[in-house]
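# Examining the three-dimensional arrangement
The lines below spell out each chain.
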Amino acid sequence: MKRTTNWEQTTAIIRQTVRSLTNLDEQHVIADYTLGYKSTLPFIVVHPSGTISTPVQHLYPMHEPVDTNISITVHSSAQEQALDIMDNLQANLRDPEVHYQVKRQGIIIVGVLDPQDRSAIGINNSEQQYGFDLHIRVERNFESDQPSIDSISYNNINITRN
């Protein structure tokens, strides 16, 4: 099976952008965390939602734009710190220069969705979580192994695929 989109690379680019904007190191801007290991607070989790859609019907699925959301959640022991980091980050991700820099790496920022409190009440009251989703678009791009028809001749007329 052909690889169509490199989601690992896509989320790595977004994590690098978040690190650059927040001045946090790679131990504090992570893909995910488990109960066994957690970075010291504050830290940011950046991971794809897994929902993928095609914004327009495209003739060739081997070369089409696809949209997804990247979830960005700030974890902190202080509510104000989590809110401050999250608000500054989502505002900076709306900057046209940031859009330009990310687009140069093959990702279009379609939108920054509304921020929200993501704290889980009753589970861990010592950790505050604020976040938002980053709506992005990338291009699915691969060559099919299936044979294709490049030209047809009918009644002495040649039709060629462009």
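Notes on the structure follow.

### With respect to the pairing of strand β3 (residues 63-76)
Counting buried residues in β3 gives twelve out of 14 residues, a clear majority hidden from the surface. Sheet topology note: the strand β2 (residues 43-53)/β3 ladder contains eight bridges and is antiparallel. Bridge pairing links I44 to V74 in β3. Alignment of β3 against strand β6 (residues 128-141), held across 14 bridges, turns out to be antiparallel. Bridging across to β6, I72 finds its partner in F132.

### Considerations on unusual backbone geometry
That bond from L41 to P42 is cis: its omega, -5°, falls within 30 degrees of zero. Relative to the helices and strands, P42 resides in the loop between β1 (29-30) and β2. Phi at N23 is positive, roughly 60°, even though this residue is not glycine. Here N23 is to be found in the loop between α1 (7-22) and β1. In this structure N23 comes out as exposed when scored by relative accessible area, which is 69%. In this model, N156 sits at a positive phi of 60°, which is unusual for a non-glycine residue.

### Details of the pattern of salt bridges
Where charged atoms from two side chains of opposite charge come close, those side chains can pair. Under the criterion given, the structure shown has three salt bridges. Among the salt bridges present, the one from D67 reaches R137, with a minimum N-O distance of 2.6 Å. Of this pair, D67 sits in strand β3 while R137 is found in strand β6, placing the two residues 70 residues apart along the sequence. A relative accessible area of 5% places D67 in the buried class. Its relative accessible area of 26% is what places R137 among the partly exposed residues. In this structure, R118 engages D133 in a salt bridge whose closest nitrogen and oxygen atoms are separated by 2.9 Å.

Cut-off values and rules
Residues numbered from 1 in each chain as written. Predicted model: local features only at pLDDT ≥ 70, side-chain atom pairs only at ≥ 80, totals over all residues. Heavy atoms only, no water. Buried < 20%, exposed > 50% of the residue type's maximum accessible area, 1.4 Å probe, protein only. Helix = DSSP H or I, 4+ residues; strand = E, 2+ residues; numbered from the N terminus. Pairing = 2+ DSSP bridges. Salt bridge = Lys/Arg side-chain N within 4 Å of Asp/Glu carboxyl O.

On their own, these measurements won't tell you what the molecule is for.
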